[in-house]
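Descriptive analysis of the structure
Each chain, written out:
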Amino acid sequence: MSVPYETAAYEPAELPESPEEHLARLLGRALNSFELPDETIGRLDCALAQDSSLHSAHHSAGLYRETYRHTWLLADGTAVTLWELVHNTGPGGHLAYEVYVDEEELRAATARLPLPADTPDFELPVLVQLPLVPEPRHAYVPDDSADHARRLLRRAENPDRPGADLATLLLRSAFAHEITQAFGRPRRAGQPGLCFSLYEHAFLLRDGRELSLWEVEHTATPDGRHMCEVYATEDAAREAMERRAAALG
């Protein structure tokens, strides 16, 4: 017979866990964790968020089996799912935990359990909430991104560059970044020898947020030397390019 979710044997952690902590707890109790592919576990090193849900259950005559779906959202926007089987059909009726990388393996393991065949399962719909963490817009590369942000802000010469709060956030949280050139010249940038380049420095933060700094490199200086300016938005960067070009026009 089916039972309400409240009677399930699975006991989530009392406090919110990080994706890394949840994975460690899951693998630590699984009897077959050593069988999981190293490649799959390695991919979870860059997990940003995690979601778990009851997938199906079977309860009869004091025996039960429950399956859980554990899904991690990765920094590259993809997801990895592990399937957990929890049951008390072994010696002594003690709880046993097993983990599998795909649903077919889960079904095969479930079919081996000594449960009455005439008791139907109940299965829950997929209720994964990971889309609340948006898919990253950039192809980020994990690197010493905090140091990159430090060097970028250090070479900025404009007085209205991003302030200390934003710099502190980047230095504490950035762990991957991507640099791309943004095209489009200021309308007055046709003067001989005048050069403008605009770059987006996109950072991925540990909580899944994305933050970009916009770098303007130009020669719109009295002596024609190269100058670097950094702005918090693309609009502010392009307006600065217009002002610089107009000042020499």
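Heads up: the structure comes first, above all this text.
Below is a summary of the structure that appears in this document. Since the structure is predicted, the reported quantities are computational estimates derived from the model, not experimental observations.

1. Details of the overall build of the chain
- A tally of regular secondary structure across the chain gives six helices and ten strands.
- Residues counted as buried form 46% of the 249 residues belonging to the chain.
- Residue pairs in contact within the chain that sit at least 24 positions apart in sequence constitute 59% of those at least 6 positions apart.
- Summing over all exposed atoms, the chain offers an accessible surface of approximately 13,700 Å²; the carbon and sulfur share of this is 53%.

2. Examining the pattern of salt bridges
- According to the stated counting rule, one finds nine salt bridges in the structure shown.
- Glutamate 84 serves as the salt-bridge partner of arginine 29, at 2.9 Å between the closest nitrogen and oxygen. A residue pair is termed long-range when its members are at least 10 positions apart, and arginine 29 in helix 1 (residues 19-29) and glutamate 84 in strand 3 (residues 79-87) qualify at 55 residues.
- For glutamate 84, a relative accessible area of 0% corresponds to the buried category.
- With a closest N to O distance of 2.8 Å, glutamate 157 and arginine 225 form a salt bridge. Taken together, the residues span a long stretch of sequence, with glutamate 157 in the loop between helix 4 (145-155) and helix 5 (164-173) and arginine 225 in the loop between strand 9 (210-218) and strand 10 (227-231) at a distance of 68 residues.
- The structure contains a network of salt bridges with shared partners spanning Glu103, Glu104 and Arg107.

3. Regarding the side chain of serine 145
- When you line up the elements, serine 145 lands in helix 4.
- A polar contact of 3.1 Å, which involves the side chain of serine 145, links it to the backbone nitrogen of alanine 176.
- Discounting chain neighbours no more than four positions away, the residues touching serine 145 are Ala174, Phe175, Ala176, His177 and Phe203.

4. Here's the deal with the environment of cysteine 46
- Position of cysteine 46 relative to the elements: it lies in the loop between helix 2 (38-43) and strand 1 (47-60).
- Residue classification places cysteine 46 among the partly exposed positions, given a relative accessible area of 27%.
- For the pair cysteine 46 and glutamate 20, spaced 26 residues apart in the sequence, the C-alpha separation amounts to 8.9 Å.
- Apart from the residues within four sequence positions on either side, cysteine 46 is in contact with Leu73, Leu74 and Ala75.

5. A few points about the packing of helix 4 against helix 5
- Between helix 4 and helix 5, the shortest axis-to-axis distance is 7 Å and the interhelical angle comes to 150 degrees. By the angle class used here, helix 4 and helix 5 are roughly antiparallel. In this structure, helix 4 crosses over helix 5, and the sense of that crossing is left-handed. Residues Ala146, Ala149, Arg150 and Leu153 of helix 4 form the contact with helix 5, whose own contacting residues are Ala167, Leu170 and Leu171.
- Taken together, the residues of the contact of helix 4 with helix 5 break down into six nonpolar, no polar and one charged.

How each quantity is defined
Residues numbered from 1 in each chain as written. Predicted model: local features only at pLDDT ≥ 70, side-chain atom pairs only at ≥ 80, totals over all residues. Heavy atoms only, no water. Helix = DSSP H or I, 4+ residues; strand = E, 2+ residues; numbered from the N terminus. Buried < 20%, exposed > 50% of the residue type's maximum accessible area, 1.4 Å probe, protein only. Contact = heavy atoms within 4.5 Å. Areas by Shrake-Rupley, 256 points an atom, 1.4 Å probe, with all protein chains shown as cover. Salt bridge = Lys/Arg side-chain N within 4 Å of Asp/Glu carboxyl O. Polar contact = N/O pair within 3.5 Å; in protein donor to acceptor, adjacent residues only side chain to side chain. Axes fitted to C-alpha atoms, helices over the stretch in contact; angles between N-to-C directions. Parallel < 35°, antiparallel > 145°, perpendicular 65-115°, else oblique. Left-handed = near helix turned anticlockwise from the far one by under 90°. Nonpolar A, V, L, I, M, F, W, Y, C, P; charged D, E, K, R; others polar.

From the geometry alone we can't say anything about function, so treat these as descriptive.
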